[in-house]
Amino acid sequence: LALVLTMIAGIVLGMGMPTTPAYIIMTALLVPAIIKLGVIPPAAHMFAFYFAVLSAITPPVALAVFAAAGIAKADLWKSGLAAVKIGAAGFIVPYMLIYEPALLMIGSWPQIIGAFVTATCGILLFAAGLHGYFLTAANHWQRVMLIVGGLLLIDPGLLTDIAGAVVACIVILAQLYERRQATGKA
């Protein structure tokens, strides 16, 4: 709960500001509280920095998105919502850094490599579920399975990694079968 509140505070503090001042304010106000809760300092700082960056694409202010929409002559709100949808997987990454310090290269090499592989696959599956496309266009049950599989792979732990891999394999096999059916090679 403290991390969620810190995330919200960081996004609100970062709205309308460039990344560097937003990070400095978050470092002064929020990072000490996270560290007192037992988070290691590098993870706490990366958590704050990441949300300082994400505040640039988070509506209602979303300075980076609105600047890009102005250049592209696109609708501001549609652009803002599209940016959040595209960046939605990015809102999970700071939590991954808190709960899996190996992603910050803290730990043994096997831990670091394992955390990197499962986190990368998890984010890939999660983003594919949000956008509705993995190997082919995903239907509703595949989207749900991709999101669940991605979240399971993101959560550190051997059992969740195995469960996430099984869910991913089910969706991959289903999409390969559907692709084969569509091309008439059944």
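Okay, so let's go over this structure. (Residues numbered from 1 in each chain as written. Predicted model: local features only at pLDDT ≥ 70, side-chain atom pairs only at ≥ 80, totals over all residues. Heavy atoms only, no water.)

**Describing the packing of helix α5 (residues 63–72) against helix α6 (residues 76–87)**
Where α5 contacts α6, the two axes come as close as 9 Å, and the packing angle between them is 130°. Relative to α6, the element α5 is oriented oblique. Judged by the sense of rotation from one axis to the other, the crossing of α5 with α6 is right-handed. Contact residues: V65, F66 and A69 in α5; L76, S79, G80 and A83 in α6. Considering only residue class, the contact of α5 with α6 consists of five nonpolar, two polar and no charged. (Axes fitted to C-alpha atoms, helices over the stretch in contact; angles between N-to-C directions. Helix = DSSP H or I, 4+ residues; strand = E, 2+ residues; numbered from the N terminus. Parallel < 35°, antiparallel > 145°, perpendicular 65-115°, else oblique. Left-handed = near helix turned anticlockwise from the far one by under 90°. Contact = heavy atoms within 4.5 Å. Nonpolar A, V, L, I, M, F, W, Y, C, P; charged D, E, K, R; others polar.)

**With respect to the packing of aromatic side chains**
Under the counting rule described, the total for this entry stands at six aromatic pairs. For the ring pair Y23 and F49, a centre distance of 5.6 Å and an interplane angle of 85° mean the geometry is edge-to-face. Of the two residues, Y23 is situated in helix α2 (residues 19–29) and F49 in helix α4 (residues 41–54); the sequence distance between them amounts to 26 residues. Since its relative accessible area comes to 24%, Y23 is described here as partly exposed. Ring plane angle 40° and centroid distance 6.2 Å describe the contact between F51 and F91, whose orientation is recorded as tilted. A residue pair is termed long-range when its members are at least 10 positions apart, and F51 in helix α4 and F91 in the loop between α6 and α7 (93–99) qualify at 40 residues. (Phe/Tyr/Trp six-rings, centres within 6.5 Å; stacked < 30°, edge-to-face > 60°. Buried < 20%, exposed > 50% of the residue type's maximum accessible area, 1.4 Å probe, protein only.)

**Let's talk about a nonpolar patch on the surface**
Judged by side-chain polarity, L1, V4, L5, I8 and V12 come together as a nonpolar surface patch covering roughly 500 Å² of accessible area. The topology assignment puts L5 in helix α1 (residues 2–14). Overall, the relative accessible area of 52% leaves L5 in the exposed class. (Patch = residues over 30% accessible without salt bridge, like charges linked within 9 Å, V, L, I, M, F, W, Y side chains within 5 Å. Areas by Shrake-Rupley, 256 points an atom, 1.4 Å probe, with all protein chains shown as cover. Salt bridge = Lys/Arg side-chain N within 4 Å of Asp/Glu carboxyl O.)

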